[in-house]
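# Examination of the molecular architecture
Each chain is listed here by its residues.
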Amino acid sequence: MLVPFANENVSEISCHARGINYSFPSVRTILDMGGQDCKAISVDGEGRVTNFVMNDKCAGGTGRFLEMIADVLGLPLAEIGDTALQSRTAIPFNTICAVFARSEAVAYLRKGVSRADILAGLNEAISVRCLNLLKRVSIQSDFSISDGIAKNKGMVAKITEKVGLKPLLAEDPQLAGCLGAALFAKDRVEGKGKREEMKIAYGYSDGTGEYYITFDTGKCDGCGKCVEACPAGNIEVGRNDHGQPKAMVKDSVRKKIHLTCPGYKACSAANQVNCHSACPNDAISHSW
Ligand code: SF4
Ligand code: SF4
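Residues numbered from 1 in each chain as written. Chains lettered and ligands numbered in written order. Predicted model: local features only at pLDDT ≥ 70, side-chain atom pairs only at ≥ 80, totals over all residues. Heavy atoms only, no water.

Further remarks concern the overall build of the protein. What the protein contains, in helices and strands, is 11 helices and nine strands. Relative to its length of 288 residues, the protein is compact, with a C-alpha radius of gyration of 20 Å against a globular reference of 19 Å. Each principal axis of the C-alpha distribution contributes one length, and for the protein these read about 60 × 50 × 35 Å. Looking at the protein as a whole, 49% of its 288 residues are labelled buried. (Helix = DSSP H or I, 4+ residues; strand = E, 2+ residues; numbered from the N terminus. Rg over C-alpha atoms; globule rule 2.2 N^0.38 Å. Buried < 20%, exposed > 50% of the residue type's maximum accessible area, 1.4 Å probe, protein only.)

Written as structure tokens, this is what we have:
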């Protein structure tokens, strides 16, 4: 939501990290499970983001996805967590793509499979995807889950099982980002400000592999040489939370990056100059 009197932008990721740090200073790894996407965040003891990966390729596993599944199963959203815990045999799902998972859920319902077993199967598939995301930032204790899905007991139980760490859960995890934003605002009123340096990975993993381009924002000075070098036009220079110029993957290609970028090795073989060789600060890395 746009606030007409806003005079600064702070990213949602930084706000979640700060909010969770306020409640649990010992947390070093956060899984932010929101309505639209899912993020794995590494955080230091002062609530600063040190590494972050987002999987925003599709709606599968997000709050919006669970709303849709609750609707298909004819259950109130608030009840799907407890219902999943009653499962005896989780049904394996081939996908958590929002469209296909919906069709699978409808087909299972028609076959008479219980709602609990359907939900437990979806939680299993989603938690495996969350675990893979968390591994990309390296999982360190303590661990926490923020945002609305942290209130879903069935999902939290499955993620706890997969990650092998019991998450520290705030009383109102859906408000962690708001709390963080308020703490940043308080800092500004008190004349404090912290420069944040972190690695930001853009991309996703899917059935064919892992496709992440990572920018080390501590090293990037926003010179734009990678933008000029990229033959596919994948990169742009934008502004971070503190108004500093930083390179990033264009929003328009983040969900299809492995189609627009052949990967570092293939790009190097085909082009004399690419984003890596052009960068004077060694700020870019590829996972493929
Ligand atoms: S590897 Fe090549 S195509 Fe991919 S982002 Fe870098 S310059 Fe662009
Ligand atoms: S070339 Fe390197 S330092 Fe320059 S904007 Fe790109 S990532 Fe940042």
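Next comes the rest of the write-up.
Once that is clear, we can look at the site of ligand 1. Lining the immediate surroundings of ligand 1 are C230, P231, N234, C261, P262, C267, N274, C275 and H286. The residue makeup of the shell around ligand 1, split by class, is six nonpolar, three polar and no charged. (Near = heavy atom within 4 Å. Nonpolar A, V, L, I, M, F, W, Y, C, P; charged D, E, K, R; others polar.)

We now examine the site of ligand 2. Taken together, 13 residues lie near ligand 2, and C220, C223, G224, C226 and C279 sit nearest. Here the residues of the shell around ligand 2 are counted per class, giving eight nonpolar, three polar and two charged.

Glancing now at helix 6 (residues 153-163). Every α-helix carries 3.6 residues per turn, so stepping three or four residues along brings you back to the same face. By the burial criterion, the buried members of helix 6 are G154, M155, V156, K158, I159 and V163. Residues of helix 6 that are buried sit in contact with strand 1 (29-33), helix 2 (63-73), helix 3 (80-84), helix 5 (115-135) and strand 4 (143-146). One or two positions beyond helix 6, positive phi appears at G164, with a value near 80 degrees. (Contact = heavy atoms within 4.5 Å.)

Summarising burial for strand 3 (residues 49-55): six of the seven residues are buried, a large majority. Sheet topology places strand 2 (residues 38-43) next to strand 3; six bridges connect them, and they run antiparallel. Opposite I41, over in strand 3, you have F52 as the bridge partner. A loop of five residues connects strand 2 with strand 3, the two strands running antiparallel in sequence, and G47 in this loop sits at a positive phi of about 85 degrees. Sheet topology places strand 3 next to strand 5 (residues 199-206); three bridges connect them, and they run parallel. Each residue of the ladder has a partner; that of V53, found in strand 5, is A201. (Pairing = 2+ DSSP bridges.)

Attention shifts here to the domain arrangement of the protein. The domain architecture assigned to the protein consists of domain 1 (11-194) and domain 2 (204-286). Domain 1 and domain 2 are separated by 27 Å when their C-alpha centres are compared. Domain 1 puts 11 residues into the contact, and the matching count from domain 2 is nine residues. Connecting domain 1 to domain 2 are one salt bridge. Between R136 and E210 there is a salt bridge, and its shortest N-O distance comes to 2.5 Å. Joining domain 1 to domain 2, the criterion identifies one residue pair in polar contact (both at pLDDT 80 or more). When residues in the side of domain 1 that touches domain 2 are grouped by element, the largest group, three residues, is from strand 3. Of the residues contributing to the side of domain 1 that touches domain 2, the split by class is three nonpolar, three polar and five charged. (Domains from an automatic or database assignment. Salt bridge = Lys/Arg side-chain N within 4 Å of Asp/Glu carboxyl O. Polar contact = N/O pair within 3.5 Å; in protein donor to acceptor, adjacent residues only side chain to side chain.)

The omega torsion of the bond from S141 to D142 falls at 0 degrees, within 30 degrees of zero and hence cis. Note on placement: D142 falls in the loop between helix 5 and strand 4. Its identity is not glycine, yet S138 carries a phi of approximately 70 degrees, on the positive side. Despite not being glycine, D147 has its phi angle at roughly 80 degrees, a positive value. Within the secondary structure layout, D147 lies in the loop between strand 4 and helix 6. For D147, a relative accessible area of 14% translates into the label buried.

Another point: the sheet that holds strand 5. The sheet built from seven strands is open, its strands ordered 4-1-2-3-5-6-9 with mixed pairing. Bordering the open sheet on either side are strand 4 and strand 9 (284-286), each of which pairs with just one other strand. Neighbour-to-neighbour, the strand axes of this sheet turn through a mean angle of 15 degrees, independent of strand direction. As judged from the three bridges shared by strand 6 (residues 209-216) and strand 9, these two strands associate in the antiparallel manner. (Axes fitted to C-alpha atoms, helices over the stretch in contact; angles between N-to-C directions.)

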